[in-house]
Every structure is written in structure tokens, then in C-alpha cells.
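Structural description and commentary
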Amino acid sequence: MPLGRWALRGLALAAALALCVVLPSTLDQYKLYVMSLTLVYAILAIGLNLTLGYAGQISLCHAAFMAFGSYAVAILGQHGVPFEIGLVIGVTLAFGWGLVLGFPALKVKHHYLAMVTLGFNIIVFLVLRNWESLTGGSFGISNVARPAWGSLSFKSDRAYYFYILAWAAVVVASAYWILTSRWGRAFRAIRENEMRAEVVGVSLMNYKLMAFAVGAAYAGMGGALFAPLLGYIDPGAYTLDRSIQFLMMVVLGGLGRFEGPFIGALVVTVLPEVLRGSEGLYLIIYALAVILMMLFMPKGLVGLWDLAWRSSRSVISPSTSSASPR
Amino acid sequence: MALLEIRNLTKHFFRLSALSRVSLSVEPGELLGLIGPNGSGKTTLFNCVTGVLRPSDGQVFFRGEDITGRNADAVYQRGIARTFQLIQLFPEMTVLENMLVSAQEKKGRLFARLLRREEVEETTRALALLEFLGIAGLKDGLASNLSYGQQKLLDFGMALMSEPQVILLDEPMAGVNPAMIKNLIGHILELNARGYTFVVIEHNMEVVMSLCRRIVVLSQGERIAEGTPAEIADNPLVLDAYFGR
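Source: prediction; values computed, not measured.

Bringing the overall build of chain B into the picture now. What chain B contains, in helices and strands, is nine helices and 10 strands. Taken over C-alpha atoms, the radius of gyration comes to 18 Å for chain B, in line with the 18 Å a tight globule of 245 residues would show. Taking the principal axes of the C-alpha coordinates as reference, chain B spans close to 55 × 40 × 35 Å. The burial tally for chain B puts 43% of its 245 residues in the buried class. Within chain B, counting contacts between residues at least 6 apart in sequence, those at least 24 apart form 66% of the total.

Dropping the structure here:
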């Protein structure tokens, strides 16, 4: 009976939303910053989950897509262009470059595709560092303005948090819509069995390009929201390391699961902060925790929830095979 | 006019010739058998027709249109569906989702497919087909949880989802238990009576004889015989191909 599962999901969503709205009023400035950052990362991870988790196309350049959003907002902001216009341009740029990166995916797969995307991330990083007249080079761009609508300004940390939250809601809703439409089924079909997908009429070209472009567009949006959160940007924020961090979020959360990116972003952002108290040990503990989670939870943290759900169901009807739609 | 016409189809794998100048035509409403020893090129022929492989030479016409070398999705959208000898499903998707994927690309442009226009109609049709095949009760289970026979039925159902004009069945009975075979033969005959055209690769001669009125025989990539089941059974070339001299 899938109804119980959906009811639970709805409850979880409502609880998460309530938490996102209520919690900030109790947090100090730094914790609020970490929470804002988690939301931004969740948006990026949703994009990567669409590309990698659903469509099965490995991408190691989400930080590069993110950079298009950040730099569009920062550079245009310097010339007094409103934040939202910068965001739209950044997202469009990321979408366009996502399309471009989709083309190699038509030819190569798996680790070869990983190499192509990895190379792209390095190129973007080098361009950001060396095109000083546009990007400010290694020093980057400081004083990235936060959005303001006339007298309504999102300059305070709390107001900007809610601004991010609103965009995150848009991202979640649109991603949910896409992934439960025919596109979502086509993405998963390609991931599951590319040849069979093509034989039942799924155009590999269309959907692979879209998987990259839409995933990149979300990354661009995350990047656009990221820049004003920190207030300054420099190429160091868009390295391969960052791309791998996003990969970790998606894999830790649960590949191809809708809830995965939220849990992954939360763990990867908050866990290092929690462990900071342990002085120099925190990196070791963090790395160890990640290794152990991967070893014992290959399906990600969402897999744990599945396990709990299944065992609670099996008490009632042992034969129910839990088919998780996404 | 033949519904599907194959002219001098040739496929080389490096220097190995898997198909050489095979011609055959399939008439509308026909139930054509395609037989031959292992490695005679039957599946390669299907692969070349459906766009899974690109033929080295020769042409494929479907309803008069040259579809040689088209991508598999384009061939499918024109109305040629197939099943697989080695089952090919989407294992981590539900039975119903496997069916829905197989229908969705027939209609609408890429961005229109983001809307949920045909969702209800397609679901209804998928459920009716699953009912027809007797696996409707499993619709919410993962495809990977099906038994072998059930997977074969789902593979068959997926081929039917797009309402194709020709269905190429690649050993639909292989590894299926005798009760299920009877069942499947019944389904194929019923669909054929409704106007679906079939080309069937099958090793089980009893099945071929009971299904097909015309049979084409391949051996070592070449077409060596064609005729009614009785003619094929008496053809010395065919006996040679199967048993050797």
C-alpha cells in the first residue's frame, strides 16, 4: 500500500519545512550561516542528483557550473544590475554550458566521462583565475550585493536566509515536477539500460543533453545564491575539490533518491562544523565517517530509512516488496 | 506493398561476416518465422533492422520509407517494436514504469513531455496490457523481482505499449516453462488476429510450426531457404545447416 509511504513523505516534508522556517530564529549568526550554506548546497546537490543519480551521467564539474551563477551575479552586480537578472543570466549560462558538456556524454561513459568533466572544471578554474579584467583573478570579487526590492532588502543574514529558502522551494518543486514526469522516467531508463531505453523510443541525445543542462542550471542557481551569502568570491571556491564534495553529498544521501541531496548536503556541511571542536582530529574523523558510511550504506543514508520502513512493513505483510518509485 | 522489406542486408564485424546480402519481406498481418542454427545471424538481423546496429550494406524499408541506419528510437517511433533474447528491462523501475517508459516517446515534443497530458490514458493502456498478459498484480513491484517467465511477459508487454505495426520477437519461448509457452502462443495468435504483424525467431520447432505459415531460414549469415513449415522440414539445405553433412 503506497499511501502510507506518501503520507509519511508529506509529513516529513511539512516537518522539514516547519523546521526551516522556525529554527533560524533560535540560531546565532554563524549557525544561521551554516544553515543557509546547507540550503545552497542542497540546491546544487539536487542538480547533480538529477544528472548522476537519475540519468546516470557522471559529472565532476558541478563547481564549474556553479561558478557561472556566482560570477554572473557578482560581475553584473558591480554594474548595478539587479540580483534576479544576474541569477537568470547565470542559470542560462550554466544551462548552455551544461548542454555543451552533454555532447561528450553521447560518446563516452563512466570514468571517461568523469575525465572529460573533470577537465572542464580545471579549465573553468584556470579561466576564472587568469581572466583578471573580468573575474578579478585570484583576488576574486568582493562586496557581492545581496538582493533588494525597493525598500524590501534581503541584506540581513536572516532575511537572506529566507530568500534562499524561497528559491530552494522553487528548485524542489520544479525538480520534483521534472523527475516525476516522462522526463524522469526517461532519465532513469537511460541509467538502467541505455540500449533498451533507445529501443523503446527514448532519444539518448535529447535526454542526455537535458540531464546535463538541467543539472547544470540548478548548479548555476546554487552558485548565484552562494556569492552574496559569502559576500566575496574567488576561484578557490570552484575547484575540483568542491565538485567532489557535491559528488559526496549525492552519494552519501542516496543516488537517484529525491530525499538524498538534502540529507547529503546536511551531513557534508554540518558534520565538519560539529567536529570542529575536536581540533586537528576533525578531518580524520570526518573522512573515516564517510568511508564507513560508504562501506555499510552503499545506498546512502536514504537506504537506512528504507531498511527501517521495510522492517516495519514486514511485520504486517512479509511479502510486500518495497518498490521505491524514486 | 510489403510492410517491412529488407534488401541485401549485410553486416561485418571486422572481417567476420555476420550477415551477407539477406533479403526478405514481411507482409502486413503476417506471422513470419525466422530460424537457423546458432550464430546464423538472426539476432544480428533484428539488431540491424531496429537500429541497435548499423548495417554495413543493404537497405531496410518500412512502409516504403528507407529507415536504414536510423537510430533505434527513430525506428521504434515509426512502429517497429522488439523483444530481446537476453531479457532487457529497467530493473530498478516498477513493472508499470517499465511499461510507461515504452509508450511515452510516441507523442509530443521534448518539452511538451514535461506536461502530464497522456499520463492517465497511458496508465490505463498499460494496466489493460498487463491484465491481458496476466501480470497486472505485480505492477508496483520492481522489474528485477519478477521471475524469468514474468520478465519475458513484461518484455513482450513493453513491445506492445507503443501500438507497433511490426513486432520482432527474439526467442520469446526460450527458458519459459511449457504452460507459459502455451499461454504465450495464445497471446501471439490473438494479437495477430487483431492485425499485429510478427517476425519470430524461435528454436523450438514445434512452436514455429504452430505459429507461422511462412518461414525463412538463415545459415552462416545467408538466407538459404524460405517456405511453408512443411517445405522447410523437407528441405535438404536446411537439414544440412542444422545437422551437417
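Having seen the model, we can carry on.
The next point concerns the overall build of chain A. For chain A, the helix and strand inventory stands at 14 helices and two strands. Relative to the compact-globule value of 20 Å for 326 residues, chain A shows a C-alpha radius of gyration of 20 Å, a close match. Considering only C-alpha atoms, chain A reaches an extent of 65 × 50 × 45 Å along its principal axes. Taking all 326 residues of chain A together, 46% fall into the buried category. Restricting to contacts in chain A with at least 6 residues of sequence separation, those with at least 24 account for 75%.

Residue and element names in this part refer to chain A. Formed by 165 residues in total, the largest nonpolar core has its most connected members in Ile-43, Leu-44, Ala-45, Ala-94 and Tyr-218. The element contributing the most residues to this core is helix 10 (residues 204-230), with 17 residues. For Tyr-218, the contacting residues outside a window of four places in its chain are Ile-43, Leu-44, Ile-46, Gly-47, Leu-50 and Val-171.

Turning our attention to the interface of chain B and chain A. Between chain B and chain A, the contact holds 32 residues from the first and 23 residues from the second. Mapped onto the side of chain B that touches chain A, the elements with two or more residues apiece are helix 2 (72-78) and helix 3 (95-104) of chain B. Top element by residues in the side of chain B that touches chain A is helix 3 of chain B. It accounts for five residues. Grouping the amino acids of the side of chain B that touches chain A by side-chain chemistry returns 13 nonpolar, 10 polar and nine charged.

A word on helix 10 of chain A. Along an α-helix, residues three or four positions apart point the same way, because every turn accommodates 3.6 residues. Residue and element names in this part refer to chain A. In this model helix 10 runs 39 Å from its N-terminal to its C-terminal C-alpha over 27 residues, within 8% of the 39 Å that 1.5 Å per residue would give. With 23 of 27 residues buried, helix 10 is to be regarded as a mostly interior element. Gly-231 sits one or two residues past helix 10 and shows a positive phi near 90 degrees.

With that out of the way, let us pick up the confidence of the model for chain B. On average, residues of chain B score 90 in pLDDT, and 100% of them reach the 70 mark or higher. Confidence estimates for the predicted assembly give a pTM of 0.88 and an ipTM of 0.89.

In this structure, A:His110 takes a positive phi of about 45 degrees despite not being glycine. In this structure, A:His110 sits in helix 5 (residues 110-130). According to the C-beta neighbour criterion, A:His110 is exposed, with 10 such atoms within 10 Å. Of note in the backbone geometry, B:Gln220 takes a positive phi value of approximately 50 degrees without being a glycine. Relative to the helices and strands, B:Gln220 resides in the loop between strand 9 (214-219) and strand 10 (222-227). Given 15 C-beta atoms within a 10 Å radius, B:Gln220 is considered partly exposed.

Attention now moves to the pairing of strand 10 of chain B. Consecutive side chains of a regular strand alternate in pointing toward one face of the sheet and then the other. Residues and elements named next belong to chain B. Sheet topology note: the strand 9/strand 10 ladder contains five bridges and is antiparallel. In the sheet register, Ile-215 faces strand 10, and the bridge partner there is Gly-227. Once strand 9 ends, the chain turns through two residues before running back antiparallel as strand 10, passing Gln-220 with a positive phi of about 50 degrees.

All names here are of chain B. Taken together, the six strands give an open sheet; going across it, the order is 6-7-8-3-9-10, and neighbouring strands pair in mixed fashion. Edge strands, defined here as strands with exactly one partner in the open sheet, are strand 6 (80-82) and strand 10. Sheet twist, expressed as the mean angle between neighbouring strand axes with direction ignored, is 20 degrees. Where strand 3 (residues 31-35) and strand 8 (residues 197-201) come together, four bridges link them in parallel fashion. By the bridge assignment, Leu-32 is partnered in strand 8 with Val-199. Helix 9 (residues 236-243) contacts strand 9 and strand 10 of the sheet and is inclined by roughly 130 degrees relative to strand 10.

Residue and element names in this part refer to chain B. Strand order across the open sheet formed by four strands is 2-1-4-5, with antiparallel pairing between neighbours. Of all the strands in the sheet, just strand 2 (16-26) and strand 5 (65-66) have a single pairing partner and so form its edges. In this structure, strand 4 (residues 57-62) lies alongside strand 5, joined through two bridges in antiparallel fashion. Its bridge partner being in strand 5, Phe-62 is matched across the sheet by Glu-65.

All names here are of chain B. The pairing of strand 1 (residues 4-13) with strand 4 spans five bridges and is classified as antiparallel. Considered in strand 4, the bridge of Ile-6 is made with Val-60. In this antiparallel pair of consecutive strands, strand 4 and strand 5, the connection spans two residues, and Arg-63 shows a positive phi of 50 degrees.

The next subject is the packing of helix 8 (residues 182-192) of chain A against helix 3 of chain B. With their axes 10 Å apart at the nearest point, helix 8 of chain A and helix 3 of chain B run at an angle of 105 degrees to one another. Judged by the inter-axis angle, helix 8 of chain A sits roughly perpendicular to helix 3 of chain B. Listed contacts from helix 3 of chain B to A:Arg182, A:Arg185, A:Ala186 and A:Ala189 of helix 8 of chain A are B:Glu97, B:Leu100, B:Val101 and B:Gln104. Taken together, the residues of the contact of helix 8 of chain A with helix 3 of chain B break down into four nonpolar, one polar and three charged.

Tracing the backbone through its elements, the reader meets B:Tyr76 in helix 2. Sequence separation between B:Tyr76 and B:Gln150 is 74 residues; the distance between their C-alpha atoms is 23 Å. In this view, B:Tyr76 contacts A:Val199, A:Val200, A:Gly201, B:Ala81 and B:Ser162; residues no more than four positions away in its chain are not counted.

Time to look at the environment of A:Ala186. The residue A:Ala186 is located in helix 8 in this model. Once the C-alpha coordinates of A:Ala186 and A:Gly47 are considered, the two residues, 139 residues apart in sequence, prove to be 16 Å apart. Other than its neighbours up to four places away in sequence, A:Ala186 contacts A:Val202, A:Tyr207, B:Val101 and B:Gln104.

All names here are of chain A. For the pair helix 12 (residues 260-275) and helix 13 (residues 282-296), interaxial distance at closest approach is 9 Å and the crossing angle is 140 degrees. Relative to helix 13, the element helix 12 is oriented oblique. Crossing geometry of helix 12 relative to helix 13 is assigned as right-handed. Note on element contacts: helix 13 touches helix 12 through Tyr-282, Ile-285, Tyr-286 and Ala-289, opposite Leu-271, Pro-272 and Leu-275.

Reading the values: the criteria
- Note that residues are indexed from 1 along each chain, following the sequence as it is written.
- To read the labels, note that chains go from A and ligands from 1, taken in the order they are written.
- Predicted model: local features are reported for residues with pLDDT of at least 70 only, side-chain atom pairs are reported and counted for 80 or more only, and whole-chain, interface and lining totals are derived from all residues.
- Labels follow the DSSP assignment, with helices taken as runs of H or I lasting at least four residues and strands as runs of E lasting at least two, numbered in each case from the N terminus.
- Here the globule rule is a power law, 2.2 Å times the number of residues to the power 0.38, and the radius of gyration is based on C-alpha atoms.
- Think of it as a crowd count around each C-beta: if 20 or more other C-beta atoms lie within 10 Å the residue is buried, if 12 or fewer it is exposed, and in between it is partly exposed, with C-beta placed from the backbone throughout.
- Throughout, a pair of residues is in contact if the C-beta atoms placed from their backbones lie within 7 Å.
- Buried Ala, Val, Leu, Ile, Met, Phe, Trp, Tyr and Cys residues whose C-beta atoms connect them within 7 Å together make up a nonpolar core.
- Asp, Glu, Lys and Arg are counted as charged, while Ala, Val, Leu, Ile, Met, Phe, Trp, Tyr, Cys and Pro are counted as nonpolar; the rest, among them Gly, fall into the polar class.
- To estimate the expected span of a helix, subtract one from its residue number and multiply by 1.5 Å.
- pLDDT gives the predictor's per-residue confidence on a scale running from 0 to 100.
- Should DSSP find at least two bridges between two strands, the strands are taken to pair.
- Fitted lines through C-alpha atoms give the axes, limited to the stretch in contact for helices. The angle between two N-to-C directions lies from 0 to 180 degrees.
- Put simply, angles under 35 degrees are roughly parallel, angles over 145 are roughly antiparallel, angles from 65 to 115 are roughly perpendicular, and the rest are oblique.
- Crossing handedness is defined as follows: a turn of the near helix away from the far one that is anticlockwise and smaller than a right angle gives a left-handed crossing, while the clockwise case is right-handed.

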